[in-house]
Structures are given as structure tokens and as C-alpha cells.
Amino acid sequence: MKKLNIVLVGLGFGGAFVPIYKDHPGVGSIGIFDTDSSVMEEFARAHGIERLYHSFEEILEDEEVDAVHLVTPIPLHAKQTAAVLNAGKHCACTVPMAVSLEEIREITEAVKRSGKNYMMMETTLYTRQFFYAREMLMKGEFGKIQFLRGSHYQDMANWPSYWLGLPPMWYGTHAIAPMRAMAGSRICKVHCFGSGTMEEGMEEQYGNPYPVESAIFSFENGLKGEATRTLFETARVYQEGMFVYGSDASFEWGFSDGDNPIITTAVKAADGKRGGTTVLRETVMPNYYSMLPEEIRKHTVGGNYDPLNPQESLISGAAGGHHGSHPHLVHEFVSSILENRKAAIDEVLGANITAAGICAHLSAMQDGAEVVVPVFDEG
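Residues numbered from 1 in each chain as written. Predicted model: local features only at pLDDT ≥ 70, side-chain atom pairs only at ≥ 80, totals over all residues. Heavy atoms only, no water.

A. Broad picture of the overall build of the chain. Check the secondary structure of the chain and you find 10 helices and 15 strands. Summarising its shape, the C-alpha atoms of the chain cover approximately 70 × 55 × 40 Å along the three principal directions. For the chain, with 379 residues in total, the buried portion stands at 55%. Excluding contacts between residues fewer than 6 apart, the proportion of contacts in the chain whose partners are at least 24 apart in sequence is 66%. Of the roughly 16,100 Å² of accessible surface on the chain, 50% is carried by carbon and sulfur atoms. (Helix = DSSP H or I, 4+ residues; strand = E, 2+ residues; numbered from the N terminus. Buried < 20%, exposed > 50% of the residue type's maximum accessible area, 1.4 Å probe, protein only. Contact = heavy atoms within 4.5 Å. Areas by Shrake-Rupley, 256 points an atom, 1.4 Å probe, with all protein chains shown as cover.)

Pasting the structure below:
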């Protein structure tokens, strides 16, 4: 079986993916690049990495590189993604896909020209919570889905300078993506409002006056979904939340990111009529490790992994990145290339999720005016 040579660019958050690529049976070699050479060299020593690059251009020129995973500052995503694709290499990129509709179009066109795979590495679509809710959907447990919600509460104070003043919905993918997936339908328009005020000087970089943005998204199948994104000066515990409200059952993420989800089930009387609801709290989400090659199952929980009882490893409190999503993301990207198929979160799905957030901010800057989300489907 062919094995891929992959380069990971950006070793902050991105460093968490290197051990997963090293252990994946479909990867031949993993190379790394970071603009801080001292960090890169220290990382190479710690993880036994032999392929080190000293410029982004060097990666693009290396004909032995099959694919690149970008974990770089948000303003660089679109330019670097297009460069990777135009160099004839497959590209995975952390969220968001881009920060303008024009940049999204550049990426979709680069995919079409190059014939290479693009994958937006959206963590929420590979969390235990999402897998569980998707199982409920596939079993018909929700009945009719009536409404969807997404939330991402986080304060980005003291993060790298490119974050300062960023429009909240530009980085709304964690709240938008689960709704888009559960709806099974394209987001076609949005109304959004910004709220609150930011300290002096925060608006200068992006011209954004709002620390919080809330939006109502319309799906082509008639469903609606609401998402709220806080980014600055809002005292709220961290959460990337997904909420699905159905006629027979509902799924709610919980108040904080680490909470167990709450399942609400409709109760029917003996005559079949509705008689109220009962609330069930799930104690532990399944691990879903069986979806992965054995070599990378340990990365669903991080340390203290017991290969003979992965579910018990999860119960013991060991936590993998973003609810175990990291190895699933790596496996999907690698598998899509080796199987010569589109990645699950390809340029079309990634574009709809990202464009919905960009259009939401455009709406907020027009006091909630309707903004139509463009179609990005290059065939």
C-alpha cells in the first residue's frame, strides 16, 4: 500500500497532530515546519522527527511531499492553502477555511485546477458528542428535527496579535458546522446581530466593533438554526456547543465544554398522545475508537490509555484533544487521499460552513439585514 509523506506546518496547536501522523499506518514520513526554528528543532528532538523545513517555499518545492497540514494564523489560511494545492499537493487546514468570500472562491478554484484533496479540519464534527448525536439521527430517535443551535463561548484576550478584534463569526465554524451536518442541508441565508462594545483600539485591525455575534441561519430544507459566538470581554465558561431539538428527543451539549450531554425524550401516554418529557443525563460518551486503525486509537484519550479497554480509559479521565477528534481528523484526511475520494469536509462543505460565518458578520455590520450565502460548488 502506498504511504504518504506529509508535512505539518505550525507547531503550536499543530504539534498535537504530529504523533498521530507518526503512528498512522498510511503515513510514510512526517515533516515539520515552524517559523520559530528553535521550537521546531526542540520538537524534532522530542518526537524523533528527521524532516525539518526552513521555509514554506521549501515545502512546496519538495516533490516527495504528498500532502500538507496547515495549522497557521487565520489570515494566512487561504493564501497558503491555494499555494499548496497549486503546487500539486493535497491540503488540510485548520479552521476557518478563509476570511472572505473571494478567498473561498480562490481555494475552490485551486482544488478544481489541481485535482488534489482539500479538507477543513473541523474538530466538532469528529467529537464524541457529535458521533453520539449522529447515531441518534441515524436511528430516527429525534423524530422530526425542529430547530438547531450552536455555540462557541471563548475569550481570546492575550492570544497572538492577529486575534485582536477578529469578527466573532469569522471563527464561528465550531458553532455552525454541527448544525450544518445535522440539518443535512446547505445554509442559504443568514440574519445576524452584533452586541456589546470592545475596549478602545480593538476595532482597528478588522473594523469589527462587536465582541459577540448571534445569528439565525436558514437551511435550504426549511430548517433554522441559531448560533452565538463570543470572542472578547465576555465572562463565560468555555464551550463548543451543539443542540438538536426534535419532536421525539433533543440533545444538548451541556453548560460547559466538559459536561455530559443532556438527552430529553418525549413521553407518550397509553393512548399515544404526548404527556410531557423526561430528562436523562448521559454519564459517559462512548469512545468510538473502533472507527480508527489500532495504531492511533490511543490518541482518542491521550495518556493512560489501556488498549484492552479503551472505553475504560475514557472513563478514567484521560482526554484526547477536542473530545477525541484529532485522530479521526487525521485518519479521514489520510484515508481520503489513499482511497482517491473527496474528504468528508471537502472544499464545498467547508466553504458553506465558513461562508455562513463570513456572511453572518456582513449581516451584523448591516444591523441584521438578510445576507444570501453564495454557492461554492465547482462541480
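This is not the end of the story, as more comes after the structure.
B. The arrangement of the side chain of asparagine 287 in detail. Structurally, the position occupied by asparagine 287 is in the loop between β14 (274-281) and α8 (310-315). There is a polar contact of 3.1 Å between the side chain of asparagine 287 and the side chain of threonine 300. (Polar contact = N/O pair within 3.5 Å; in protein donor to acceptor, adjacent residues only side chain to side chain.)

C. Fine view of helix α10 (residues 347-364). Along its 18 residues, α10 runs 25 Å from first to last C-alpha, staying within 8% of the 26 Å computed at 1.5 Å per residue. Taking burial as the measure, the 18 residues of α10 include 16 buried ones, the bulk of the element. (Expected span 1.5 Å × (residues − 1).)

D. Structural context of the packing of helix α6 (residues 128-138) against helix α7 (residues 173-183). In contact at an axis separation of 11 Å, α6 and α7 are set at 20 degrees when each is read in the N-to-C sense. Judged by the inter-axis angle, α6 sits roughly parallel to α7. Crossing angle aside, the handedness with which α6 passes α7 is right-handed. Listed contacts from α7 to Phe130, Ala133, Arg134 and Leu137 of α6 are Pro178, Ala181 and Met182. (Axes fitted to C-alpha atoms, helices over the stretch in contact; angles between N-to-C directions. Parallel < 35°, antiparallel > 145°, perpendicular 65-115°, else oblique. Left-handed = near helix turned anticlockwise from the far one by under 90°.)

E. Structural detail: α6. All buried positions along α6 are accounted for by Arg128, Gln129, Phe130, Phe131, Tyr132, Ala133 and Met136. Following α6 by one or two positions, glycine 140 has its phi on the positive side, about 75 degrees.

F. Here's a closer look at the pattern of salt bridges. Evaluated as defined, the whole model comprises 10 salt bridges. Here lysine 298 makes a salt bridge to aspartate 23, at a shortest N to O gap of 3.4 Å. Of the two residues, lysine 298 is situated in the loop between β14 and α8 and aspartate 23 in helix α1 (residues 18-23); the sequence distance between them amounts to 275 residues. Overall, the relative accessible area of 25% leaves aspartate 23 in the partly exposed class. Here lysine 189 and glutamate 370 are joined by a salt bridge, their closest N and O atoms 3.7 Å apart. Of this pair, lysine 189 sits in strand β8 (residues 187-195) while glutamate 370 sits in the loop between α10 and β15 (371-372), placing them 181 residues apart in sequence. (Salt bridge = Lys/Arg side-chain N within 4 Å of Asp/Glu carboxyl O.)

G. The arrangement of the nonpolar core in detail. Core analysis: the largest hydrophobic core is formed by 110 residues, its most contacted members being Tyr21, Leu148, Phe217 and Phe251. By residue number, the principal contributor to this core is α10, which donates 9 residues. Setting aside its immediate chain neighbours within four residues, phenylalanine 217 contacts Met169, Ile176, Met179, Ile187, Lys189, Val190, Leu223, Lys224, Gly225, Ala227, Ala356 and Ala360. (Core = buried A, V, L, I, M, F, W, Y, C linked by side-chain atoms within 4.5 Å.)

H. Layout of the layout of surface pockets. Space inside the largest pocket adds up to approximately 830 Å³. The wall of the largest pocket is formed by 38 residues, among which Val71, Thr72, Pro73, Thr94 and Tyr162 lie closest to the centre. The greatest single-element share of the lining of the largest pocket, amounting to 4 residues, is contributed by helix α4 (residues 77-86). Here the lining of the largest pocket is built from residues that sort into 21 nonpolar, 13 polar and 4 charged. (1 Å grid on protein atoms, 1.4 Å probe; cavity = no way out; pocket = protein on both sides within 12 Å on 5 of 7 lines; lining within 4 Å. Points joined across faces, edges and corners; volume = space filled by probe spheres on them. Nonpolar A, V, L, I, M, F, W, Y, C, P; charged D, E, K, R; others polar.)

I. The sheet that holds strand β2 (residues 27-33), seen in detail. One open sheet accounts for 6 strands, arranged β3-β2-β1-β4-β5-β6; its pairing is parallel. Each end of this open sheet is capped by a strand with a single partner; those strands are β3 (51-52) and β6 (118-120). Of the strand pairs in this sheet, strand β4 (residues 67-70) and strand β5 (residues 90-93) are connected by 4 bridges, and their pairing is parallel. When the sheet's bridge partners are listed, alanine 67 is paired in β5 with histidine 90. (Pairing = 2+ DSSP bridges.)

J. Structural view of the environment of methionine 285. You can see methionine 285 is positioned in the loop between β14 and α8. What makes methionine 285 buried here is its relative accessible area of 6%.

K. Structural detail: the packing of aromatic side chains. Going through the model one piece at a time under the given rule, you end up with 8 aromatic pairs. Considering the side-chain rings of tryptophan 163 and tyrosine 171, the 5.0 Å spacing of their centres and the 80 degrees angle between planes classify their relative orientation as edge-to-face. Take tyrosine 171: its relative accessible area is 12%, and that puts it in the buried class. Put simply, the rings of Trp159, Tyr162, Trp163 and Tyr171 touch in pairs and so form one group of aromatic residues. We note arginine 149 situated over the ring of phenylalanine 243; from NZ or CZ to the ring centre the distance is 4.5 Å. Positioned above the aromatic ring of phenylalanine 255, the side-chain terminus of arginine 236 is 3.9 Å from the ring centre. (Phe/Tyr/Trp six-rings, centres within 6.5 Å; stacked < 30°, edge-to-face > 60°. Lys NZ or Arg CZ within 6 Å of the ring centre and 35° of its normal.)

L. Representation of unusual backbone geometry. The omega torsion across valine 95 and proline 96 is -5 degrees, close enough to zero to call that bond cis. Position of proline 96 among the secondary structure elements: in the loop between β5 and α5 (101-114). For histidine 323, which is not glycine, the phi dihedral falls at a positive 60 degrees. If you check the backbone angles, aspartate 367 has positive phi at about 55 degrees while not being a glycine. Relative to the helices and strands, aspartate 367 resides in the loop between α10 and β15. When its relative accessible area of 61% is taken as the criterion, aspartate 367 is described as exposed.

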